[in-house]
Amino acid sequence: MNLRGDRAIKWWLASGCFLIFLMVIVGGITRLTGSGLSITEWKVVTGTLPPMNDQQWQEEFDKYKQIPQYQQLNSYFELSDFKKIYFWEYIHRLIGRMIGFVFLIPFIYFYVKKRISKQLLPRLLGMFMLGALQGFIGWYMVSSGLSENIRVSHLRLALHLGTAFITFGYIFYVLLLEIYPQDTIKQPDVTHKQFFPVILLTLIFLQIIIGAFVAGTHAGFIYNTWPKMEGQWLPDAVPYAWANDGLSSIINNIVTIQFIHRNLAYLIVILSIVWWYLQKRNYPAFDKRVRASNMLMMVIILQAGLGIFTLLARVPVWMGVLHQAMAFVLFASDIYLTFISRYKTA
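Residues numbered from 1 in each chain as written. Predicted model: local features only at pLDDT ≥ 70, side-chain atom pairs only at ≥ 80, totals over all residues. Heavy atoms only, no water.

Draft legend 1. Highlighting the packing of helix α1 (residues 7–32) against helix α5 (residues 120–143). Following both chains from N to C, one finds α1 and α5 inclined at 20°, their axes separated by 14 Å at the closest point. The angle between α1 and α5 places the two elements in the roughly parallel class. Classified by chirality, the crossing of α5 by α1 is left-handed. On α5, the residues touching I9, W12 and L13 of α1 are L120, L124 and M127. (Axes fitted to C-alpha atoms, helices over the stretch in contact; angles between N-to-C directions. Helix = DSSP H or I, 4+ residues; strand = E, 2+ residues; numbered from the N terminus. Parallel < 35°, antiparallel > 145°, perpendicular 65-115°, else oblique. Left-handed = near helix turned anticlockwise from the far one by under 90°. Contact = heavy atoms within 4.5 Å.)

Written out as structure tokens, the structure is:
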């Protein structure tokens, strides 16, 4: 039996990728609606069920009242207001629990049935390690907003989001190795051409991290003009912050963060156009590398345009969530391009 071509395993991995994507989308809604600190405790088992009666709801609300976010920002909240933000954080955590079950139970089944190849087993174990790490980082992020701050640390938010993308990317790459069985993959195409998609992927991942900084510091609510930032290509606040704070301004100054996010986007667009042109010139139109480059180019243009409109509109929730969702599609598109560029598939 061709273990690498096991259809059930491929659907299993694909469903895991989708659930991680869904969790990040709900996480974006949670962040943009200010819901992330509504559940102040992490109860792995008993937290599976939401409050079931008025007394339980009041107990959860009383716990929320003890943290700075309520005391300094949402002190006007009634129980009905609390229920709205509790909903999104509860759904976010529920999906996290679902991911655990979706990965663990089928894994046990496939392992017992000896349907997991020797090559796949260590990759799956790596997947579980990343999943466990992501759960820990999620609580580490939430804890940063429970004692002194009214929001979670934007650095921990970036760490949480970055780990989610790494986990997704890892599983998606394993899925690609299952979609293309061993007998259809020739020797790796070890040329300089395979490194360009990796460089582009690194820049996209860095842009995602900077995007988390933008979200965590609310940097998207300032300088809502384009292409200039309130009439300046380089706002005076950027060199001023650098002169006073040095390197820390890159991750803490909201004007600098937005400036970097804008200009890194321009660099990614330019590099992707160069890559797309080189592929169109060197390979026939039906080649997988050309089709993957076309897809990446289309997604990058859509994402750049969406980012501009989201900024101009002052980050409405639906546009912010859509922008984050497109980042996922962009990340996956470049992973696919990296895979296709590395392996000569039949």
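Draft legend 2. Structural context of the confidence of the model for the protein chain. With 93% of its residues at a pLDDT of 70 or more, the protein chain has an overall mean of 89. Mean pLDDT values over the elements of the protein chain span from 53, in strand β1 (residues 185–188), up to 95, in helix α8 (residues 237–245). (pLDDT = per-residue confidence, 0-100.)

Draft legend 3. Structural context of helix α2 (residues 54–64). Of all the positions in α2, only W57, E60, F61 and Y64 are classed as buried. Down the axis of α2, the buried side of the element spans an arc of 100°, and every buried residue falls inside it. One side-chain oxygen of the residue at the start of α2 lies 3.1 Å from the amide nitrogen of Q55, identifying that residue as N53. (Buried < 20%, exposed > 50% of the residue type's maximum accessible area, 1.4 Å probe, protein only. Arc of directions from axis to C-beta. Polar contact = N/O pair within 3.5 Å; in protein donor to acceptor, adjacent residues only side chain to side chain.)

Draft legend 4. Broad picture of the packing of aromatic side chains. Per the stated rule, a full pass over the model turns up 26 aromatic pairs. Ring geometry for F168 against F172: centres 5.9 Å apart, planes inclined by 10°, an arrangement best described as stacked. You can see F168 and its partner F172 sitting in helix α6 (residues 154–179), four residues apart, about one turn around the helix. Comparing F168 with F172, the two get one shared label, buried. Here the aromatic rings of F168 and F328 are separated by 4.4 Å at their centres, their planes lie at 80°, and the arrangement is edge-to-face. (Phe/Tyr/Trp six-rings, centres within 6.5 Å; stacked < 30°, edge-to-face > 60°.)

Draft legend 5. Local environment of the environment of I95. Structurally, the position occupied by I95 is in helix α4 (residues 79–112). Distance from I95 to M23, taken between C-alpha atoms, is 6.1 Å for residues 72 residues apart in sequence. Setting aside its immediate chain neighbours within four residues, I95 contacts L19, L22, M23 and V26.

Draft legend 6. Structural detail: the pattern of salt bridges. Inspection of every chain in the model, using the stated rule, returns six salt bridges. Across the pair E60 and K63 runs a salt bridge, and its minimum N-O distance is 3.6 Å. Of the two residues, E60 and K63 both sit in helix α2, three residues apart, roughly one turn of that helix. Across the pair D62 and K65 runs a salt bridge whose closest N-O atoms are separated by 4.0 Å. Classification of K65 by relative accessible area gives partly exposed; the value is 27%. What emerges from the salt-bridge pattern is a single network uniting E41, E60 and K63. (Salt bridge = Lys/Arg side-chain N within 4 Å of Asp/Glu carboxyl O.)

Draft legend 7. Structural detail: α1. Given a rise of 1.5 Å per residue, 26 residues ought to cover 38 Å, and the 38 Å separating the end C-alpha atoms of α1 matches this to within 8%. Two to three positions downstream of the cap, the backbone nitrogen of A8 sits 3.0 Å from a side-chain oxygen, assigning the N-cap of α1 to D6. Downstream of α1 by one or two residues, G34 has phi in the positive range, about 65°. (Expected span 1.5 Å × (residues − 1).)

Draft legend 8. Expanded view of the packing of helix α7 (residues 195–217) against helix α12 (residues 317–342). Running from N to C, α7 and α12 cross one another at 165°; their axes reach a closest spacing of 9 Å. By the criterion of interaxial angle, the relationship of α7 to α12 is roughly antiparallel. In the crossing of α7 with α12, the sense of the turn from one axis to the other is left-handed. Across the interface between the two elements, P197, V198, L200, L201, I204, F205 and I208 of α7 pack against A327, L330, F331, D334, I335, L337, T338 and S341 of α12.

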